[in-house]
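# Structure at a glance
So you can see what is in the structure, the chains are spelled out below.
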Amino acid sequence: SQTIHQWPATLVQPVGSPLSLECTVEGTSNPNLYWYRQAAGRGLQLLFYSVGIGQISSEVPQNLSASRPQDRQFILSSKKLLLSDSGFYLCAYLRSWDPYEQYFGPGTRLTVT
Amino acid sequence: GIQVEQSPPDLILQEGANSTLRCNFSDSVNNLQWFHQNPWGQLINLFYIPSGTKQNGRLSATTVATERYSLLYISSSQTTDSGVYFCAVNEWGLTGGGNKLTFGTGTQLKVEL
């Protein structure tokens, strides 16, 4: 079966500090991977997606970047955090066979102080 | 890009009541998913339903693709149904692929005893 992991679960960081959030998927190979952010309240916004190693597409210009160093690893980074980067970050993968559903990890709650 | 609207934004029910949540989208889609976000933030897959009708226990969903809407029915609601319900779609024929999801703003459901 396929599973998705994210860490850390919770993070409090000062403004200007770097960020690294990690997402890994098990039980599948070469999945499409996604990073979403959910600001306070509702609504998920797609930040980045990747269709393969080293292939990153950015949806929203911002202070963040993403990398995919391995087939089943997706990393979200920032060199200097802003207050506006606070939120709930969710990683997802696309099932590799029909139906092509996206499944989400447990998320990382980031507070920038 | 495609627009996704959900209604109602908030809903309070007594345990045992039935409800219907609606999702309208502005363009043709090839993927539509319903999710339940529990109080801990986890997104739980409910249905993959780009068209037709599906049922899973007390929940059922119907998508009328030609009229660009989907409905989620919750029958005999329980307190554990509380949370936010999201509809998300992938726009048909979007260049670049990636099967990206655009989320609605959700319906916040509270089920009371």
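Residues numbered from 1 in each chain as written. Chains lettered and ligands numbered in written order. Predicted model: local features only at pLDDT ≥ 70, side-chain atom pairs only at ≥ 80, totals over all residues. Heavy atoms only, no water.

Moving on, we come to the state of the cysteines. Residues and elements named next belong to chain B. Tallying each qualifying case throughout the model produces 2 disulfides over all chains. The partner cysteine of Cys 23 in its disulfide is Cys 87, sulfur to sulfur 2.0 Å. Taking the sign of the torsion about the S-S bond as the criterion, the disulfide between Cys 23 and Cys 87, at about -50°, is left-handed. Separated by 64 residues along the polypeptide, Cys 23 in strand β3 (residues 19–25) and Cys 87 in strand β9 (residues 83–91) bring together distant segments of the chain. (Disulfide = S-S within 2.5 Å. Helix = DSSP H or I, 4+ residues; strand = E, 2+ residues; numbered from the N terminus.)

All names here are of chain B. Covered by surrounding structure in β3 are Ser 19, Leu 21, Cys 23 and Phe 25 only, the residues Thr 20, Arg 22 and Asn 24 on the alternate face being uncovered. Pairing geometry for strand β1 (residues 4–7) and β3, over 4 bridges, is antiparallel. Along β3, the bridge assignment pairs Ser 7 with Arg 22. For β3 and strand β8 (residues 69–74), the ladder comprises 6 bridges, and the chain directions are antiparallel. Counterpart to Asn 24 in the pairing with β8 is Tyr 69. (Buried < 20%, exposed > 50% of the residue type's maximum accessible area, 1.4 Å probe, protein only. Pairing = 2+ DSSP bridges.)

What follows concerns the pattern of salt bridges. Here the structure, examined in full by the defined rule, presents 7 salt bridges over all chains. Residue Glu101(A) pairs with Arg95(A) through a salt bridge whose shortest N-O separation is 3.1 Å. Residue classification places Arg95(A) among the buried residues on the basis of a relative accessible area of 14%. For Glu112(B), the salt bridge is made with Lys110(B), and the minimal N-O distance between the two is 3.9 Å. (Salt bridge = Lys/Arg side-chain N within 4 Å of Asp/Glu carboxyl O.)

Often, the extent of an interface is quoted as the loss of accessible area on bringing the components together. Listed by partner, the interface residues are 26 residues for chain B and 24 residues for chain A. The junction of chain B with chain A conceals about 1800 Å² of combined surface from both sides, 51% of it contributed by carbon and sulfur atoms. There are 1 salt bridge connecting chain B and chain A. Measuring nitrogen to oxygen at the nearest pair gives 3.4 Å for the salt bridge that ties Lys100(B) to Glu59(A). Counting across the interface, chain B meets chain A through 6 residue pairs in polar contact (both at pLDDT 80 or more). Broken down by secondary-structure element, the contributors of at least two residues to the side of chain B that touches chain A are β4 (29–37), β5 (43–48), β9 and β11 (107–112) of chain B. Looking at the side of chain B that touches chain A, the element that brings in the most residues is β4(B), giving 4 residues. Counted by class, the side of chain B that touches chain A contains 9 nonpolar, 15 polar and 2 charged residues. (Contact = heavy atoms within 4.5 Å. Buried area = accessible area lost by both parts, 1.4 Å probe. Polar contact = N/O pair within 3.5 Å; in protein donor to acceptor, adjacent residues only side chain to side chain. Nonpolar A, V, L, I, M, F, W, Y, C, P; charged D, E, K, R; others polar.)

Residue and element names in this part refer to chain A. Following the sequence through the fold, Pro 8 ends up in the loop between β1 (3–7) and β2 (10–13). A C-alpha to C-alpha distance of 6.9 Å links Pro 8 and Leu 21, two positions 13 residues apart in sequence. In contact with Pro 8, other than residues within four places in its own chain, are Leu 21, Gly 107 and Thr 108.

This next bit is on the environment of Ala39(A). Residues and elements named next belong to chain A. Locating Ala 39 in the fold gives a position in the loop between β4 (33–38) and β5 (44–52). Given a relative accessible area of 42%, Ala 39 falls into the partly exposed group. When the C-alpha positions of Ala 39 and Tyr 89 are compared, they lie 8.7 Å apart, and in sequence the two are 50 residues distant.

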